[in-house]
Structures are given as structure tokens and as C-alpha cells.
Amino acid sequence: MKIEPSLKRLDKIQQANEKMLFNGGELDYSSGITKFKDSEGAVDIGMENVPVLDQGQYGTCVTFASTAALDARFKMGDYLDQQCSLALDLTLGNNYWHGAYTANEVILPLKKYGFIAKGYCFGSKYSDPNQTVNLNQYID
């Protein structure tokens, strides 16, 4: 496939390159990347002891990131069950096992229907990409 950028797009690219060069050029990472804690002005807001979890082979990073952010925001530790969130979404017609685009896609159903604590997802544990839930059971 051959794509011809418009003159407007070529101009924007040229302006971006000029700005980058004016500001010292592209950063040189050949000697490594500065650790976050050593970065100037770095502030670690923490994740309230929410661990980094392994999503395995599935494209569930948005679900994992969204539930981790909620866990951290409400200082719940590793509380929200990703399996149940994905099963709820699948029941509602949204299969996010291969990725969601935004956190809202994951969070809005949880706001509407509630959430299930880790280990209480009607007998299923991560990763069961075929699980759906009975909405009446889920809400109770």
C-alpha cells in the first residue's frame, strides 16, 4: 500500500521535526533510561499496594489497568475480580478478551451493575474467556 501524505500533513511533520531539533533533538537512550525515582520532579503517587497482575496471553490490559486504578483509588488492594468484569462485559455483548479501547468501556458497566470481589465470580477464575453471568445473580 502506498500512501501519499497531504501537503498540510507534510508541513506538520516538518514543523514537528524543527521543534524537536530546536529543543535539542531526539533524546539519547543509548546509555539506558533514567529510573522514575531518579527523574527530576518525579512524584510517585503510588498504587495503594495494588499489585501488578499477569494478564497472560489475553489482550485484557485495559481491564486490568482499569480495575487496578479503581482498587488504588478506593484503597482496596487487589480486590476487584477481572474475570467477573470480563464476564459481565461479555454478557452485555462486549468481548474485551482481545482488548477494550478505553477505561470507560470497563468502568461504566461496573458502575451500573456493581463489582464482584476477587475469588467470588460464580465459580470461575481468570482466565475463562467463555464465561458469562446471569445479570440477576450478578446484581444480587
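Right, let's get into the side chain of Q82. Inspection of the secondary structure puts Q82 in helix 3 (residues 82-91). Polar contacts involving the side chain of Q82 include one to the side chain of T67, which spans 2.9 Å. Polar side-chain contacts of Q82 include one of 3.4 Å to the backbone oxygen of L80. The residues touching Q82, leaving out its near neighbours within four places in the chain, are L53, T63, F64, T67 and K118.

Evaluation of the coordinates by the stated rule reveals 1 cavity of 30 Å³ or more. Quantified by volume, the largest cavity comes out at close to 30 Å³. In this structure, the largest cavity is lined by T67, L80, D81, C84, S85, L110, F115, I116 and Y138. Residue composition of the lining of the largest cavity, by class: 6 nonpolar, 2 polar and 1 charged.

A word on helix 1 (residues 7-22). Taking 1.5 Å as the rise per residue, helix 1 with 16 residues should run 22 Å; its terminal C-alpha atoms sit 22 Å apart, in good agreement. Phi turns positive, to about 110°, at G24, one or two residues after helix 1.

Glancing now at the packing of helix 2 (residues 61-73) against helix 3. Relative to each other, helix 2 and helix 3 sit at 120°, their axes nearing to 10 Å. By the angle between their axes, helix 2 is oblique relative to helix 3. The way helix 2 lies across helix 3 gives a crossing that is right-handed. Residues T63, F64 and T67 of helix 2 lie in contact with helix 3, whose contacting residues are Q82, S85 and L86. Of the residues assigned to the contact of helix 2 with helix 3, the class counts are 2 nonpolar, 4 polar and no charged.

A few words now on the packing of aromatic side chains. Scanning the model with the defined rule gives 6 aromatic pairs in all. On the numbers, 6.1 Å between centres and 85° between planes, the contact of Y79 with F115 is edge-to-face. Highlighted residues: Y79 in the loop between helix 2 and helix 3 and F115 in the loop between helix 4 (103-113) and helix 5 (135-139), separated in sequence by 36 residues. By relative accessible area, which is 35% here, Y79 ends up partly exposed. Among the residues examined, F115 registers a relative accessible area of 43% and is labelled partly exposed. Through a chain of ring-to-ring contacts, three or more aromatic side chains come together here, namely Y58, F64, W97 and Y126. The residue whose ring lies beneath R73 is F74, and the NZ or CZ to ring-centre distance is 5.1 Å.

Quick notes on the rules
Residues numbered from 1 in each chain as written. Predicted model: local features only at pLDDT ≥ 70, side-chain atom pairs only at ≥ 80, totals over all residues. Heavy atoms only, no water. Helix = DSSP H or I, 4+ residues; strand = E, 2+ residues; numbered from the N terminus. Polar contact = N/O pair within 3.5 Å; in protein donor to acceptor, adjacent residues only side chain to side chain. Contact = heavy atoms within 4.5 Å. 1 Å grid on protein atoms, 1.4 Å probe; cavity = no way out; pocket = protein on both sides within 12 Å on 5 of 7 lines; lining within 4 Å. Points joined across faces, edges and corners; volume = space filled by probe spheres on them. Nonpolar A, V, L, I, M, F, W, Y, C, P; charged D, E, K, R; others polar. Expected span 1.5 Å × (residues − 1). Axes fitted to C-alpha atoms, helices over the stretch in contact; angles between N-to-C directions. Parallel < 35°, antiparallel > 145°, perpendicular 65-115°, else oblique. Left-handed = near helix turned anticlockwise from the far one by under 90°. Phe/Tyr/Trp six-rings, centres within 6.5 Å; stacked < 30°, edge-to-face > 60°. Buried < 20%, exposed > 50% of the residue type's maximum accessible area, 1.4 Å probe, protein only. Lys NZ or Arg CZ within 6 Å of the ring centre and 35° of its normal.

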